[in-house]
Structure formats: C-alpha cells, structure tokens
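Results of the structural survey
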There are 2 protein chains.
Amino acid sequence: NELPLNELAREIESTLLAEHVAILLEAFPIKPRLSLWALLSSDYQQDVFLEMKNESRQMLLTTLGDEACFTLFDKLDANSLLELIEDLSDNLIEYAITQMTVKQRANFKKAQDYSDSEVGRWQSFDDIKIPQKLKVLAAKKICAKEQSPLTDVIYVTDNQGKLLGEIAINRLLTMPDDKPLVEVTLEEVQKLEASKDIDEAVEDVISSYKSALAVVDENGCLTGRLDLHAAYKYKEQQTDNQLIQSAGLSEEEDLFSSVWLSSKNRAVWLGINLLTAFLASWFIGLFEATLQQVVALAVLMPVVASMGGISGSQTLTLIIRGLALGQITDANRHAIVMKELKVGVINGLLWSTVIGLITFVWFDSTMLSITISLAILGNILVASLSGVWVPWVLNKLNIDPALSGAVILTTVTDIFGFIAFLGCGTLLLL
Amino acid sequence: NELPLNELAREIESTLLAEHVAILLEAFPIKPRLSLWALLSSDYQQDVFLEMKNESRQMLLTTLGDEACFTLFDKLDANSLLELIEDLSDNLIEYAITQMTVKQRANFKKAQDYSDSEVGRWQSFDDIKIPQKLKVLAAKKICAKEQSPLTDVIYVTDNQGKLLGEIAINRLLTMPDDKPLVEVTLEEVQKLEASKDIDEAVEDVISSYKSALAVVDENGCLTGRLDLHAAYKYKEQQTDNQLIQSAGLSEEEDLFSSVWLSSKNRAVWLGINLLTAFLASWFIGLFEATLQQVVALAVLMPVVASMGGISGSQTLTLIIRGLALGQITDANRHAIVMKELKVGVINGLLWSTVIGLITFVWFDSTMLSITISLAILGNILVASLSGVWVPWVLNKLNIDPALSGAVILTTVTDIFGFIAFLGCGTLLLL
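What counts as what
- Numbers given for residues are sequential positions, taken from 1 along each chain in its written order.
- Chains carry letters from A onward and ligands carry numbers from 1 onward, assigned in written order.
- A pLDDT threshold of at least 70 governs which residues receive local features in this predicted model, and a stricter bar of 80 or more applies before side-chain atom pairs are shown or counted, although totals over entire chains, interfaces and linings include all residues.
- In computing side-chain values, all of the structure's heavy atoms are included and hydrogens and water are not.
- Think of it this way: DSSP has to see at least two bridges between two strands before they count as a pair.
- Note on conventions: DSSP H or I runs of at least 4 residues are helices, E runs of at least 2 residues are strands, and numbering of each starts at the N terminus.
- Throughout, an axis means a line fitted to C-alpha atoms (over the contacting stretch in the case of helices), and angles, computed between N-to-C directions, take values from 0 to 180 degrees.
- The classification of residues rests on relative accessible area computed with a 1.4 Å probe and restricted to protein chains. Under 20% of the type maximum is buried, over 50% is exposed, and intermediate values are partly exposed.
- Where a domain begins and ends is set by an automatic assignment or by a domain database.
- We call two residues in contact whenever any of their non-hydrogen atoms come within 4.5 Å of each other.
- Put simply, a salt bridge is a Lys or Arg side-chain nitrogen that is within 4 Å of an Asp or Glu carboxyl oxygen.
- Three classes are used, and their members are as follows: Ala, Val, Leu, Ile, Met, Phe, Trp, Tyr, Cys and Pro are nonpolar, Asp, Glu, Lys and Arg are charged, and the others, Gly among them, are polar.
- Count a disulfide wherever a pair of cysteine sulfur atoms falls within 2.5 Å.
- Patch membership requires more than 30% relative accessible area and the absence of a salt bridge. Residues of like charge join within 9 Å; the nonpolar side chains Val, Leu, Ile, Met, Phe, Trp and Tyr join within 5 Å.
- Only the protein chains shown count as covering a residue, and every accessible area follows the Shrake-Rupley method with a 1.4 Å probe.
- Residues reaching a pLDDT of at least 70 in both copies supply the C-alpha atoms on which the copies are superposed by least squares.
- To estimate how far a helix should extend, the number of its residues minus one is multiplied by 1.5 Å.
- Two rings belonging to Phe, Tyr or Trp (six-membered ring only in the last case) form a pair when the distance between their centres is within 6.5 Å. Interplanar angles under 30 degrees mark stacking, angles over 60 mark edge-to-face geometry, and anything in between is tilted.

Now for the sheet that holds strand 1 (residues 129–131) of chain A. Residue and element names in this part refer to chain A. With mixed pairing, three strands are arranged side by side in an open sheet as 1-2-3. Lying at the two open borders of the sheet, with one neighbouring strand each, are strand 1 and strand 3 (163–168). Neighbour-to-neighbour, the strand axes of this sheet turn through a mean angle of 30°, independent of strand direction. Of the strand pairs in this sheet, strand 1 and strand 2 (residues 153–157) are connected by three bridges, and their pairing is parallel.

Further remarks concern unusual backbone geometry. Note on backbone geometry: most residues besides glycine have negative phi, and most peptide bonds are trans. Residue and element names in this part refer to chain A. One non-glycine residue with positive phi stands out, namely L150, at about 60°. In this fold, L150 is placed in the loop between helix 11 (136–144) and strand 2. Looking at L150, the relative accessible area reads 3%, which means it is buried. Residues other than glycine seldom take positive phi values, yet N398 does so here, at roughly 60°.

When the domains of chain A are assigned, the result is domain 1 (2–115), domain 2 (129–244) and domain 3 (259–429). When each unit is reduced to the centre of its C-alpha atoms, the spacing between domain 1 of chain A and domain 3 of chain A is 47 Å.

Chain A puts 104 residues into the contact, and the matching count from chain B is 104 residues. Taken together, chain A and chain B are joined by eight salt bridges. Taking the shortest distance from any N to any O, the salt bridge between E340 of chain A and R266 of chain B comes out at 2.8 Å. Looking at side-chain class alone, the side of chain A that touches chain B contains 57 nonpolar, 28 polar and 19 charged residues.

As a further point, take the sheet that holds strand 4 (residues 191–193) of chain B. Residue and element names in this part refer to chain B. Taken together, three strands build an open sheet; the order of strands is 4-5-6 and the sheet is mixed. The open sheet has two edge strands with one neighbour each: strand 4 and strand 6 (222–227). Neighbour-to-neighbour, the strand axes of the sheet open up by a mean angle of 35°, direction not taken into account. Sheet analysis places strand 4 next to strand 5 (residues 212–216), joined by three bridges and oriented parallel. Residue pairing across strands places E193 opposite V216, the latter belonging to strand 5.

Tallied over the entire structure, the rule returns zero disulfides over all chains. With no disulfide partner, C143 of chain A has as its closest neighbouring cysteine sulfur the one in C143 of chain B, 14 Å distant. We classify C143 of chain B as buried; its relative accessible area is 0%.

Residue and element names in this part refer to chain A. Here S250 lies in the loop between helix 14 (228–246) and helix 15 (259–285). Overall, the relative accessible area of 18% leaves S250 in the buried class. Other than its neighbours up to four places away in sequence, S250 contacts E55, I244 and N265.

All names here are of chain A. There is a patch of nonpolar side chains on the surface, built from M367, I370, L374, L427 and L428 and spanning about 470 Å² of accessible area. Of all the secondary-structure elements, those providing two or more residues to the nonpolar patch are helix 19 (366–396) and helix 20 (401–429). In terms of residue count, the dominant contributor to the nonpolar patch is helix 19 (three residues). Residue placement: I370 occurs in helix 19. Look at I370 and you get partly exposed, because its relative accessible area is 37%.

The two copies are related by a screw motion: chain A maps onto chain B through a turn of 180° and a shift of 0.0 Å along the axis, at an RMSD of 0.1 Å. Seen this way, the second copy is the image of the first under a two-fold rotation axis. When the interface residues of chain A are mapped onto chain B, 100% of them again lie at the interface, so the same face is used by both copies.

Residue pairs spaced three or four apart in an α-helix point in one direction, given the helix's 3.6 residues per turn. With 29 residues, helix 17 (residues 296–324) of chain B should cover 42 Å at 1.5 Å per step; its first-to-last C-alpha distance of 43 Å lies within 8% of that length. Residue G326 of chain B follows helix 17 of chain B closely and has a positive phi angle near 75°.

Residues and elements named next belong to chain B. Position of G423 among the secondary structure elements: in helix 20 (residues 401–429). Note: C-alpha distance between G423 and F287 (136 residues apart in sequence) is 7.7 Å. For G423, the residues in contact, after removing those within four places along its chain, are F287 and F418.

With that out of the way, let us pick up helix 19 (residues 366–396) of chain B. The first and last C-alpha atoms of helix 19 of chain B sit 45 Å apart over 31 residues, in line with the 45 Å expected at 1.5 Å per residue. Just downstream of helix 19 of chain B lies N398 of chain B, where phi reads positive at about 60°.

The next thing to look at is the packing of aromatic side chains. Scanning the model with the defined rule gives 13 aromatic pairs over all chains in all. Summarising the aromatic geometry, the rings of W122 of chain A and Y234 of chain A are spaced 4.9 Å apart at their centres and angled 80° between planes, so their arrangement reads as edge-to-face. With W122 of chain A in helix 10 (residues 119–122) and Y234 of chain A in helix 14, this residue pair connects regions lying 112 residues apart in the sequence. Take W122 of chain A: its relative accessible area is 36%, and that puts it in the partly exposed class. Ring geometry for W282 of chain A against F283 of chain A: centres 5.2 Å apart, planes inclined by 80°, an arrangement best described as edge-to-face. Members of the aromatic cluster, joined through ring pairs, are F278 of chain A together with W362 and F363 of chain B.

Have a look at this one:
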C-alpha cells in the first residue's frame, strides 16, 4: 500500500501546480492533510507552503517538528520570504535569511524598506536590464536566456542603475549586433515609484496594457517590476477578502481551520450583530401595549423589515460598485439620490399595494391593511435614501462600505420599519 | 464657452483610456451624458461605445439619430462586433458586417460558429504565426513588427494551417537568419480547443503562467488565441455579475439606467423575497394565541431571526468559496458539516447564554430567558447545518449558490427560529 501512495504523490507533483495542491490540501481535515503532506518531496513542500493560507501554514508549523520546519525555509527567494514573514517566528525568519543567496538577501532588504501598502513591498525581482554603455549583442544574449513569464522588454540603465528607457525584445530582432545601445532609440517606460500605493499601482499595471511595469526607487534607479499576473492576483485577493470579511469571517479562515479559531473569529461579528438586533427589539418594546391589543402586527413585522432590507441592499450594491469605480462624486450624488427615490416610489407603490391587499384578505381589516401599506412605502423610500447615504458617508470616513454597509443599512431599515409600522398601528388601530 | 469644452474633450481623449471614459460617462445623468458624448471625436466614440454597459449602449442607440448610429459601426473588427452583437438590431449588424475588412469578416464568421460558452467565441485574432517551410529570418521579420500586447511567442503551422508548435521570440534572437524553421526545435503549445468551455479555458490561461494560449479548431488548425488580459477580464466580469445579481439587480444596470427599467429589474427580486417573508409571517401566525399572552416574545423575535441568519451566512460564505475552488466533495462533506456544527455549538452556547442573561435582566422572567436561549442555540445549529447543505444542494442542481443561497438560507433560519422560539414559548410560558 505504501508504494502506490508515493507514486500518486510523484504524479501529483509532476502534473499539478503548487497553488492547486495547496487548495487540495486545504480540502482535507487536519489528519489526512498531514499524511498527504508527508508524501510530498521537500522541494515541492516549499512551493506548496508558499501558496497556502496563513492559518493552514500556522497549523503545519505547529504540528511539524523543528527540523522539518527548517527545511521549508532553505533557499527561499526574497519574494517568497516576504509573503511568509507575517506568519514566521523571528528565529525562523533569521534562519531563512541566512540560507538565502546574497542577491536574494539584498532584494529582501530592499523590499523591507517599504510598507505593506507600497508597491516596493510587492515588486518582483525578475526584471532584466542592461547598462546603456553595452552593445545590442549583449542585450540579445541577456534576453535569449530563459526568462520569467511576461517578460517582453529589457530595461536600459545608466552606470548608476538609473532607469533610462526600455527596448521591446522583438525590436532587438532586426538590430545589428554591433550597434551600441546609446544609438538605439529607447521607448519611454511607464514607471512606478516604489513608494506608490499598491492599489493604484495595480490599476496602473492593468490599464497600461503592458506585461509589467518597472518599479524605481526615489533616485530613479530600477529596483524591480510588477507584472500583470501579480497585479490581477492582488486584485482578486482583495475582492475575495472583502467578500469573506463582509460575512464577519477572517480572510485566512480555511475549511478546516481549528474549531476554536473559527469560533473566535466569527463570535465578534455575531456580537456586533446582536447589539443591532437588541436595538431593534428595544424599539419594538416601546410598542408593547399596541402589540398586546393587535397581535397581527407582530405577525406581519417580518414582512416590513424584510422588504426594506432587500430594497436597501439593492441600492447599496449599486452604490458600492459606483464608489469603487469612482463614479459617484459630490456633483452627481444628488442626481443619484433622486433616481433611487423615483425607483423607490415605483416599487414602494407597487408592493405596498400588493401587501396591503394580501393583508386585507388575510386579516379582513382595512385599517391594518392601510397601516402596513404606509409602513412598506415609507420603509422602501427610507431604504432607497439610506442605500445611497450609508455607503457614501462610510466612504467619506474611509471605512470600506463593502464590509459594514449592509449591517448598518439593515439596522436603519429594521428600526425605521418597526417604528413606522407599530407607530401607524398605534394611531390607526387603537 | 464652446472652445474650452472641445479642448477638454481632446484632452480627455489623449490622456484617458476608452474604458475609463465609459465609466466616466456612466457617472453622468442622461442629459449631460449626451452633451459630453457629442464632444468626443467619432473614432473615440466607437472605442468608448465598445466599453460601455449594454443598457448605456441601448440608451445611446435610442437617443442618437440613425446616421450618428451608423458611424459607430464603421470599421469595427470581429471581436468588437461580437461584443456588441446582443445589443444591435439586425440591420445595424448587417451594416457593420459590410463595413468590415475581408479578414475581419472571416474572423467574425469563424467566431460565430461557437456559442457564448465556448472559447471560440471569445478568442482574439491577433496571434502571429508562420508556416514551417520558411526560414528564421522570416520569423524574425514577422515578430519585429508592432505586436498586440502579451505577444511573446510565434506559432508555427504546416501548410494546412495546422498548429505544430511555438517559438519564444527571445529564442529567435540568437538563431542564425538562414536556418530553416524545420530545423528549429519547437516548443510544445498548450492548446485550447475552440469548443472548450470558456470558464475552464480562462482557468487554463491563468494557471499556465503564459501570456496567452493558442486556440485551435477541431482539425488542429490555429484560429486565434486567448490572452491573460482577456482571461482575467472575463473572470472579473463574472465575479461582478454574481455580486450584482445576488442583490437581484440586472448585471447591466448602470447608475442612471432609466427609472422604469431599474424598477422592473428590481421588482422581481422584491417579489420573490415577499413570498419568503409572508411564509415566515404565516408560521408566526400559527402562534397568535401565544403572542397575545406573552407579548415579550414579539419583542424578541428579531434577535432570534438575526442571530440565525448571521451565523448561517458565515458558514454559507465559506462553503460557497470552497465549492468555487472545488474543495468540497462527497468525501469531505461530512467532515465539514461536523466542523461547522462544532463551531455552531461553541457560538451557540456562548450567545444563547449572553442573550438569556440580557433577557432575564430586561424582562425578569426565567422561563422567557430559557425559551430564548434554547431557540438561539437551536437556530445557530440549524444555521450551521443549512449553511453547508443549502449551497451543496443548489450546486448539485446546477444553480449558482452565490445567487440564491442567501435568500434560501435566511428563509430556513427565519422559519426555524420563529417556530422554535414561539413553540418553546407556548410550552414553557403558557
């Protein structure tokens, strides 16, 4: 039974990408995950480790023996260590640094000068470059070597490493070998300052329609590059994190994160939500006397709350996208509010009529029917307004509306809905 | 006043990408949007039109005169017309086809052979290729011409156009000009069958770590390629559509879509939601007698519903991601259910205790406090189970759980929560 398993592991290593094996491993509960892990060769373990989520890495590090851990950090390159650095203890980091090549260690130091929000921290060091004092032949030789993917230009620098321009590799094809590079017309490079915000840099790379953009330090010296793959991966990661965090989960949670850790992560969000739920309850409590006399109000409360919540989150979703694209400004906000209000009026009138009729048939009470119609109409209008205003204000406060917008919005519509419904009920039905 | 506006338009055209101008235009209400549009040159209008959302295009087409419309479809290439085809009337499509170059028309016909879900429909026709009977010099000349972005290989074909292999452009640099291509070792190409599912093809391109993959027809003949940009754009679009649709919006809705159209799109979702809300109400109605006697139950109902909804959607979010990554299978589903149940037990015990205490302090009733604790614990457990099962079943039924999972889940937790809470209340409090 031992042999086929090993063969399976070799088969996996030769056919699957490390990132897919990382996803695969995370689909296993802890015990079988460790057995599978043990079957992988140590080089491959390193690749897979780099692709795992933080929590899965932690799990491995705490379970593996010291020696097995250390072999994971042999011959890491700078980019890899930077990715892991948050998860590692100081002595593991130190060990990894001592095991690096001199060049990678220099790159690592370079990147560490920048914060997590700066492109310098995210750049890769696989750019190809050549001093301008050389000839075309030298450039051809450098380019002809095996390159990282998405390499279609060679950067030209002066003697101090300052970036002067770039030459597309295909342009080199028809140039004579002995032509000095100083005589070659360089293409202008779209540079990224290493201290530039990573989110903006990512957009720059994507909209440049180039394979990669050069990263330069404050002296204009070439330090690395940011390629299209890295840019899109970063963006995907941000979207995924937002989605996960908006449910109150930790972005690092995997399917088999420890029960304790998962419970802790999720408890916080449940607690916040409990506060808003009790707030709504408190408002309902103000109308206890009314509820006692007209119990139908209690029966219909969920309808009022839910119609407001849904129409609010429709507006919210549209506005969050508009904010992310930069489409919503002081200049057009009023027009957007007006448009959403008009949509609210149409849907409010439609559904308050429908709900009013259903209520009349169900409870045979004109007043109850009028009460719920008014509450629904009002709540849908309030939802339309809040759907624009809540994310707008959060955005102004530099809070990501995608994370907390929905909770705040439904709190608003719940509370308004209950007050409107029970308030009208008190006036009309008692 | 006229002159500066025109200058502004020229400035916009020279500095912004068409896709950004499309986003910009969609940030304007209809009237100023049309004035801005009129300022753009007709070539640029075409580029921008290609980048717009369907609804914005429709709006333009219905507002512009016939002549202005037709100029939008002069000299389109095959890929552009394919993108527009859903939005155009038959006579506009015919006009656009007659205005195409012969080559583009051929490409257009080729792509039309495939459906929207096949990569053949999405391929671009900017691949570079060379027959194997020629020499290296010819390949160099082709490559040296200005290329589309993300072009780093030249495809080699036989006389019938069958794809034999590829040569990386940088490898050509050091090859002698008079070497026949038949003597060059070709690299193996990772091909995409034109009839392959576009979603899978996109994943192939992204995980290939190449700039683009070749697309071949059923005879193995090269027909085009799918590049990294196109692949990531497609994926981003899918994610965005999912987000928008999960709120019951049309994926094409822009900020200033017509009020009527927006209202219609959103009404459907509100209607579906209304059914589920009335279903919950109906279950509450079964306990009318209980509510009449213990009105505190009505006051606390939102707390029970909301705690179940939130913990359910935490599990749901994690499971939807796991399903999308292919991490959840028949083999590990049971282990996942067990893990989520354990998390549910921990958070259920924690929060039912907290809520029980708060209720005791608020209403000074041990029985009410026990009632709500039991209901919360039960509802959080049911939410954990449904959070796994609802998306799992939807996925088996080929329904995207990201679109309707949340509605179904909260319906389940609402109804279970109300029954548990009011049921326990009836038993313990009456």
